[in-house]
Amino acid sequence: MARRYREIGKAGWGYTLITSIVGLIYFSPVLWIILTAFKTRTDALAVPPKLFFTPTLENFTSVFYRSSITTGTSQSTDMALYFFNSIFIAGTSVGLALIVGTLAAYAFSRYPLRGNDTYLFIILTTRMMPPIVVIIPIFLMFRLSGLAGSYWGIILLYTAFNIPFSVWLVKSFFDELNPEIEDAARMDGASESRVFFKFCIPQILAGLSATFVFGLILTWNEFLFALLLTGVETRTVPVAMARTLGGEVGVDYGLLAAIVTLFLLPIFFVTFLLQNQLLRGVTFGTVKK
Amino acid sequence: MTIELKNLTKRFGDLTAVDQVNFDVGDGEVLCLLGPSGCGKTTTLRMIAGLEYATEGDVILQGKRVNELAPRDRNVAMSFQFYALYPSLSVADNLAFPLHAEGLSASEIDARVKKISDTLQLGGILKRTPGQLAEGEKQRVAVGRSIIRDPMCFLFDEPLSRLDVQLREEMRGEIKEVLQDLSRPTVIVTHDQLEALTMADRIAVMRDGRVEQVDTPHNVFQRPTNLFVAGFIGTPQMNLLPATFTESKGDGIAQFAVQGGQSMTIQVDRRIEELSPGTNVTLGIRPRNLEISRESAEDGISTVIDMVEPMGAETLIHLNDGHQDLRLVTDWRIPHAEGDKVHTRFPPHATHVFTEDEQVLRTQ
């Protein structure tokens, strides 16, 4: 019997349904958290879990304002600051790593050193060991140099951690470019910096976006270093979140879920903004030019 | 205005990509660098452009040594194999880009872009970006961008290699026409001998980084100086038969023994008399010069038809005598069948004799 082949771009309903189910399974923890964020304390702890309930914004309010047990007055929590810290620290360090990484990647790609691959390998070795191995020396270094608890300390650390990843990823994007275009620009009177900024960078914007988002997600969720190296003023959301676990009145799951939900928003937003670029970035080089 | 290369050499580590290349290109002359891939022709071109530094030797443009000059200071225009159009710029901006470096006014730039787009019929696509162009259009824009300035010389790297056969023929004519109008020294890199033979005033045949012969297309074809050039130029390929020179009969008439024991007496260059009998040589004859006959003759060998390939106006016949293969091109009207026993004839002066050091034996 002759087999019929499906036309490209026309998957049947059956396939769509299966994909939706798999997608829902993947998304269910996130959905669970988001739902919990809108539940009252009783609903959040209900067994069996409630799928239908009256939503409340109470948890979101208490992320930023909480009534004191002793005085009964409403006072603001420091959560706004922690959100700012997370955005500022992750954004700056990933941005810095991207700038440094892009420059390094261009050099590695276009002006290879003797033993280029060895250097690239060495750069990557810092990502090979679990961070906990280096936590004590780094902590001591930060204490000695006075970087502990400062913005610059944690930003520099995250930048250093993101650079290898940026170098490797961005280098692969540069490697994909047709170097003739750069040569043509050189012949047409462009200086080296013009070649780089006007002709190389625009061609890999998608790749840079992808690198930025991946780096951002990694840094955004980082907990271990943030816990040890940030101070009261520079605490990031993951650390603050962990501290709510040990509240005076047991674990407030609704509050925790609300923080997580808010915490997801910036990443959602950035990913959504860059999603077209991101798709092109991750498929870069897989399609014949 | 001239391009002159003196003992130009490029080494990448232990690899010598270009080895002691010498040639010069005069004003308005088109020189084709022809050779198999990896023979160093593109590297040579890039050294003229300044995109590679010469390890040894000199690049001399207009009588001035430019080895240390950056590409943009050499006033050379180059068109690249993959066109190298700037992907983020429109066709008009692509064309205008080289002019910005010259510091021309906006109105002047517009006028020049207009003129070039008229010459190359780019008017309809000026606002498009390179991604929206067909291959032929990309090629046109690339040519336009390289000729929009008034550079000292032009360099083309495999200008037609990415086009299909029909478009290639069309563009070949167009580029030739454009180059004639410009009358600047031009170097074209190609691996396609037809392209070289049709477009060049002179051809430099390269192998393994060395220039084997620099001559007019006619001479490269008719008077190859060595075995490599003889075998490389011409389709179908020249027949090359190992043979032993046995006896000279004066006036260039000589007797050769080919592999398998058959011998033939043919007229070749008079310098054959310099060789002593018993010397091993290689005989070269083009498939179109070789003749076929039903009767046995002294000036050829007996063979059997192996295969008949009709090529339209002509027929390519593969012959074999058990020891060597010969290719022969005849008129399509003469019928031949596979398995027929035929005799070949080597007409006077149609055979080139190459000595064991692969050089041709020829009176200048």
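Here the residue numbering is sequential within each chain, running from 1 through the sequence in written order. The order in which chains are written sets their letters, starting at A; the order in which ligands are written sets their numbers, starting at 1. Where local features are concerned, this predicted model is filtered to residues with pLDDT of at least 70; where side-chain atom pairs are given and counted, the filter is 80 or more; whole-chain, interface and lining totals use all residues. Calculated side-chain values reflect all of the structure's heavy atoms, with hydrogen atoms and water omitted.

With respect to the overall build of chain A
Right, so step 1: Numbering of helices and strands runs from the N terminus; a helix is a DSSP stretch of H or I covering at least four residues, while a strand is a stretch of E covering at least two. Regarding its fold elements, chain A presents 14 helices and two strands.
Right, so step 2: Over its C-alpha atoms chain A spans a radius of gyration of 24 Å, topping by over 25% the 19 Å that the globule rule assigns to 289 residues.
Right, so step 3: By its C-alpha atoms, chain A is 75 × 75 × 35 Å across when sized along the principal axes.
Right, so step 4: Partly exposed residues are those whose accessible area sits between 20% and 50% of the maximum for their type, while under 20% is buried and over 50% is exposed, using a 1.4 Å probe and protein chains only. For chain A, the proportion of its 289 residues judged to be buried stands at 38%.
Right, so step 5: Counting only carbon and sulfur atoms, one obtains 70% of the accessible surface of chain A, whose full area is about 17300 Å².
Right, so step 6: Working convention for charge: Lys and Arg count positive, Asp and Glu count negative, and His plus the chain ends are omitted. For the purpose of locating charges, the reference atoms are NZ of Lys, CZ of Arg, CG of Asp and CD of Glu. Side chains of chain A give 21 positive and 16 negative charges; the mean places of these two sets differ by 6 Å. Here the globule rule is a power law, 2.2 Å times the number of residues to the power 0.38, and the radius of gyration is based on C-alpha atoms. Accessibility throughout is a Shrake-Rupley quantity obtained with a 1.4 Å probe, and a residue counts as covered only by protein chains that appear here.

With respect to the interface of chain A and chain B
Right, so step 1: Across the contact, 17 residues belong to chain A and 23 residues belong to chain B.
Right, so step 2: The largest contributions to the chain A side of the interface with chain B come from A:E180, A:M187 and A:D188, which together make up 43% of the buried area.
Right, so step 3: Each reported salt bridge corresponds to a side-chain nitrogen of Lys or Arg within 4 Å of a carboxyl oxygen of Asp or Glu. Summed over the shared surface of chain A and chain B, the result is two salt bridges.
Right, so step 4: Side-chain atoms alone can form a polar contact between residues adjacent in sequence; in general such a contact is a pair of N or O atoms within 3.5 Å, and within protein one must be able to donate a hydrogen while the other accepts it. Connecting chain A to chain B are six residue pairs in polar contact (both at pLDDT 80 or more).
Right, so step 5: Of all the elements in the fold, those that place two or more residues in the side of chain A that touches chain B are α8 (179–187) and α9 (192–203) of chain A.
Right, so step 6: With seven residues, α8(A) is the single largest residue contributor to the side of chain A that touches chain B. It only takes one pair of heavy atoms within 4.5 Å for two residues to be counted as in contact. In this description, buried area is defined as the sum, over both parts, of the accessible area (probe of 1.4 Å) that is lost when the two are combined.

Digging into the packing of helix α4 (residues 79–110) of chain A against helix α13 (residues 253–273) of chain A
All names here are of chain A.
Right, so step 1: Lines fitted to C-alpha atoms define the axes, with helix axes restricted to the stretch in contact, and inter-axis angles between N-to-C directions lie between 0 and 180 degrees. Packing of α4 against α13 leaves a shortest axis separation of 11 Å and a crossing angle of 35°. The interaxial crossing formed by α4 with α13 has right-handed handedness. Contact residues: α4 offers M79, F83 and S86, while α13 offers I259, L262 and F263.
Right, so step 2: Note that Gly is not counted as nonpolar here; it falls among the polar residues with everything else outside the nonpolar set of Ala, Val, Leu, Ile, Met, Phe, Trp, Tyr, Cys and Pro and the charged set of Asp, Glu, Lys and Arg. For the contact of α4 with α13, the residue count by class is five nonpolar, one polar and no charged. Should the near helix be turned anticlockwise from the far one by less than a right angle, the crossing is left-handed, and should it be turned clockwise, the crossing is right-handed.

Overview of unusual backbone geometry
Right, so step 1: Here the residue pair A:V47 and A:P48 is connected by a cis peptide bond, since its omega of -10° sits within 30 degrees of zero.
Right, so step 2: Cis geometry marks the peptide bond from B:T235 to B:P236; its omega dihedral reads -10°.
Right, so step 3: Looking at where B:P236 falls in the secondary structure, it is placed in the loop between α8 (227–232) and β11 (239–248).
Right, so step 4: Positioned with a positive phi, B:N75 is a non-glycine residue whose angle comes to about 55°.
Right, so step 5: Despite not being glycine, B:H349 shows a phi value in the positive range, around 65°.
Right, so step 6: Take B:H349: it is sitting in the loop between β19 (341–345) and β20 (352–354).

Things to note about the packing of α8(A) against α9(A)
Residue and element names in this part refer to chain A.
Right, so step 1: Running from N to C, α8 and α9 cross one another at 145°; their axes reach a closest spacing of 10 Å. Between α8 and α9 lies a crossing whose hand is right-handed. Note on element contacts: α9 touches α8 through E192, V195, F199, C200 and Q203, opposite I181, E182, A185 and R186.
Right, so step 2: Class assignment for the residues of the contact of α8 with α9 results in five nonpolar, one polar and three charged.

Describing the pairing of strand β17 (residues 314–320) of chain B
Residue and element names in this part refer to chain B.
Right, so step 1: For β17, a buried count of five out of seven residues is recorded, marking the element as mostly surrounded by other parts of the structure.
Right, so step 2: Both strand β16 (residues 302–310) and β17 contribute to a ladder of six bridges, which runs antiparallel. Bridge pairing in β17 links M307 to H318.
Right, so step 3: Criterion used throughout: strands pair if DSSP finds at least two bridges between them. Hairpin connection, β16 to β17: the antiparallel pair is bridged by three residues, and G312 has positive phi, about 95°.
Right, so step 4: Judged from the seven bridges that link them, β17 and strand β18 (residues 325–331) form a sheet pairing that is antiparallel. In the strand pairing of β18, E314 is matched with D331.
Right, so step 5: What sits between β17 and β18 in their antiparallel hairpin is a turn of four residues, with G322 showing a positive phi close to 90°.

What about the confidence of the model for chain B?
Residues and elements named next belong to chain B.
Right, so step 1: Of all residues in chain B, 100% attain a pLDDT of 70 or more, and the chain-wide mean is 91.
Right, so step 2: Every residue is assigned a pLDDT by the predictor, reflecting its confidence on a scale from 0 to 100. Averaged over each element, pLDDT in chain B is lowest for helix α5 (residues 165–182) (86) and highest for strand β9 (residues 202–207) (96).
Right, so step 3: Interface confidence in the predicted complex, given as ipTM, is 0.81; pTM for the same model is 0.80.

Remarks on the sheet that holds strand β2 (residues 15–25) of chain B
All names here are of chain B.
Right, so step 1: In space, the four strands of this open sheet follow the order β2-β1-β4-β5, with antiparallel pairing throughout. Each edge of the sheet is formed by a strand with only one pairing partner; in this case those strands are β2 and β5 (64–65).
Right, so step 2: Sitting on the sheet, helix α1 (residues 41–49) is in contact with β1 (3–12), β2 and β4 (56–61), with an inclination near 115° to β1.

Some words on the pattern of salt bridges
Two side chains that carry opposite charge are able to pair once their charged atoms sit near each other.
Residues and elements named next belong to chain B.
Right, so step 1: Inspection of the entire model under this criterion finds 30 salt bridges over all chains.
Right, so step 2: The partner of R207 in a salt bridge is E358, with the nearest N and O atoms 3.7 Å apart. With R207 in strand β9 and E358 in the segment after β20, this pair connects stretches of sequence that are 151 residues apart.
Right, so step 3: Overall, the relative accessible area of 26% leaves R207 in the partly exposed class.

Here we look at the environment of B:G322
All names here are of chain B.
Right, so step 1: Its place among the elements puts G322 in the loop between β17 and β18.
Right, so step 2: When its relative accessible area of 58% is taken as the criterion, G322 is described as exposed.
Right, so step 3: When the C-alpha atoms of G322 and G260 are compared, they prove to be 7.5 Å apart, with 62 residues separating the residues in sequence.

Side note on the sheet that holds strand β15 (residues 291–293) of chain B
All names here are of chain B.
Right, so step 1: Pairing within the open sheet is antiparallel, and its five strands lie in the order β15-β19-β16-β17-β18. Each edge of the open sheet carries a strand with a single partner, namely β15 and β18. This sheet shows a mean twist of 45° between the axes of neighbouring strands, independent of strand direction.
Right, so step 2: In terms of strand pairing, β16 meets β19 through three bridges, oriented antiparallel. Counted as the bridge partner of S302 is H343 from β19.

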